[in-house]
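Chain and residue survey
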Amino acid sequence: MSASQPRQTADAAPTLLVKIFGKDRPGITAGLFDTLAAYSLDVIDIEQVVTRGRIVLCALVTSPEAGGAEGELRATVHSWADSLKLQAEIISGTGDNRPRGSGRSHVTVLGHPLSAESTAAIAARITSTGGNIDRIFRLAKYPVTAVEFAVSGTETEPLRTALATEAAEIGVDVAVVSAGLHHRAQRLVVMDVDSTLIQDEVIELFAAHAGCEEQVAEVTARAMAGELDFEQSLHARVALLAGLDASVVDKVRAEVRLTPGARTLIRTLKRLGYQVGVVSGGFTQVTDALKDQLGLDFASANTLEIVDGKLTGRVVGEIVDRAGKARLLRRFAAEAGVPLSQTVAIGDGANDLDMLNAAGLGVAFNAKPVVRRAADTAVNVPFLDTVLYLLGITREEVEEVEATESPESG
């Protein structure tokens, strides 16, 4: 269509939807368009899906202008399809696909496994909000099944609210983000450390060496659930570490266990050009080592005071608490040159809530109930790299990054 051709003329032009079904093999797409090329058609749209070796290929093309040519085209396409033991269907119509509704979102669903019942419930809830599912694409089949729905016709926020309720009821994880260029843009990802990047609570590892692990663990649990003021609880717990020899720092570093998928998450993000940081209510004595070990761009935490080779039971410097984590997210974003809307925050405890709410996408990872209710989305499987699927990154892309890493890189 030329720039001057009226839109209504193009929309009313006769078109054909050519659909091909059957066993996939190399050359089907080329063969179909070689067949159509004899009729000097314009291609308006193409979609192709291959599932378990079966292809569905759809081509929306202009109708041939010569009299009788459409009947000849139909016969030729059917003959070509029969020669390859494929099925063909050709549907006459006018114009292009109908315009998609305003308001577009990407809905990512994670299941372990993903049942037909769960998928039906999610699809029905999308429909009930006035949304239409335009496309569905599988992002991963392990360690979880992850599928992405492209949805139009409803705004992102009400869709997110509706699907969060549904997801909680049926036991799947659902993330809803606004569609657009930013969905694929490079971002800043900032995560909590204790019980997020790592499986442990660092202060409890220190407490185990001081013989007060149970006492500290109880206070930590109440603080993470939002029952206690974080700063007060931090000072109370750190005070119990007074007198520990500074050599315990190396022991604790050796005891830290990364969350499954943590290395894969960071390696993939870094290879794709993302910047990655951590903020922690724990201690720089551990987070600085993690920054070096994992190649992180940013790291900030509290610092245990050490005097004459002993822990004093105090922290020095500005406290990294709930509000502090949000401030650090903003600071990291400014230093990275990334708009706050392009940031992703990941955390599990009540002291992560301000950070999760400030980020463009807040992800509650195996989080406390108060955090799951407040975050944009929740991930409740024990694999940190599943967060990649919420960003539209496929398992194949992850494996490509992993294949380029040497075994020595960990």
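Residues numbered from 1 in each chain as written. Predicted model: local features only at pLDDT ≥ 70, side-chain atom pairs only at ≥ 80, totals over all residues. Heavy atoms only, no water.

**Digging into empty space enclosed by the protein**
Considering all chains together, one arrives at 1 cavity of 30 Å³ or more under this definition. Each pocket or cavity is described by its volume, and for the largest cavity that value is around 100 Å³. Elements supplying a minimum of two residues to the lining of the largest cavity: helix 8 (230-239) and strand 10 (275-283). A class-by-class count of the residues in the lining of the largest cavity yields 5 nonpolar, 3 polar and 5 charged. (1 Å grid on protein atoms, 1.4 Å probe; cavity = no way out; pocket = protein on both sides within 12 Å on 5 of 7 lines; lining within 4 Å. Points joined across faces, edges and corners; volume = space filled by probe spheres on them. Helix = DSSP H or I, 4+ residues; strand = E, 2+ residues; numbered from the N terminus. Nonpolar A, V, L, I, M, F, W, Y, C, P; charged D, E, K, R; others polar.)

**Concerning a positive patch on the surface**
Side chains of Lys23, Arg25, Arg54 and Lys85 sit close together on the surface and give a patch of like positive charge. Along the chain, Lys85 turns up in the loop between helix 3 (69-83) and strand 4 (87-94). (Patch = residues over 30% accessible without salt bridge, like charges linked within 9 Å, V, L, I, M, F, W, Y side chains within 5 Å. Areas by Shrake-Rupley, 256 points an atom, 1.4 Å probe, with all protein chains shown as cover. Salt bridge = Lys/Arg side-chain N within 4 Å of Asp/Glu carboxyl O. Lys, Arg positive; Asp, Glu negative; His and termini not counted. Charge placed at Lys NZ, Arg CZ, Asp CG, Glu CD.)

**A short note on the sheet that holds strand 3 (residues 54-62)**
The strand order across the open sheet formed by 4 strands is 2-3-1-4, and the pairing between neighbours is antiparallel. Each edge of the open sheet carries a strand with a single partner, namely strand 2 (43-51) and strand 4. Strand-to-strand, the axes of this sheet are offset by a mean angle of 10°, without reference to chain direction. In terms of strand pairing, strand 1 (residues 14-23) meets strand 3 through 9 bridges, oriented antiparallel. The residue bridging Lys19 from the neighbouring strand is Cys58, located in strand 3. (Pairing = 2+ DSSP bridges. Axes fitted to C-alpha atoms, helices over the stretch in contact; angles between N-to-C directions.)

**Concerning the confidence of the model for the chain**
Confidence in the prediction of the chain, expressed as mean pLDDT, is 91, and 95% of residues score 70 or more. The model gives residues 1-9 a pLDDT under 50, and that stretch makes 4 contacts with residues more than four places away or in other chains. (pLDDT = per-residue confidence, 0-100. Contact = heavy atoms within 4.5 Å.)

**A look at the layout of surface pockets**
A volume near 960 Å³ is recorded for the largest pocket. In terms of lining, the largest pocket is formed by 26 residues, of which the most central are Glu47, Val49, Asp134, Arg135 and Ile136. Broken down by secondary-structure element, the contributors of at least two residues to the lining of the largest pocket are strand 1, strand 2, strand 3 and strand 6 (132-140). Its residues assigned to classes, the lining of the largest pocket shows 12 nonpolar, 4 polar and 10 charged.

**A short note on the packing of helix 7 (residues 213-224) against helix 8**
With their axes 10 Å apart at the nearest point, helix 7 and helix 8 run at an angle of 170° to one another. Looking at the two axes, helix 7 sits roughly antiparallel to helix 8. Where helix 7 abuts helix 8, its residues Val216, Val219, Thr220, Ala223 and Met224 lie against Phe230, Ser233 and Arg237. The class makeup of the residues in the contact of helix 7 with helix 8 is 5 nonpolar, 2 polar and 1 charged. (Parallel < 35°, antiparallel > 145°, perpendicular 65-115°, else oblique.)

**Describing the packing of aromatic side chains**
Evaluation of the coordinates by the stated rule reveals 2 aromatic pairs. Measuring from ring centre to ring centre gives 5.9 Å for Phe206 and Phe283, while their planes differ by 85°; the resulting arrangement is edge-to-face. A residue pair is termed long-range when its members are at least 10 positions apart, and Phe206 in helix 6 (residues 202-210) and Phe283 in strand 10 qualify at 77 residues. Classification of Phe206 as buried rests on a relative accessible area of 0%. With relative accessibility at 1%, the residue Phe283 sits in the buried group. (Phe/Tyr/Trp six-rings, centres within 6.5 Å; stacked < 30°, edge-to-face > 60°. Buried < 20%, exposed > 50% of the residue type's maximum accessible area, 1.4 Å probe, protein only.)

**Some details on the environment of Val252**
Its place among the elements puts Val252 in helix 9 (residues 248-255). We classify Val252 as buried; its relative accessible area is 0%. Note: C-alpha distance between Val252 and His209 (43 residues apart in sequence) is 8.9 Å. In this structure, Val252 is in contact with Val202, Leu205, Phe206, His209 and Val286, ignoring residues within four places of it in sequence.

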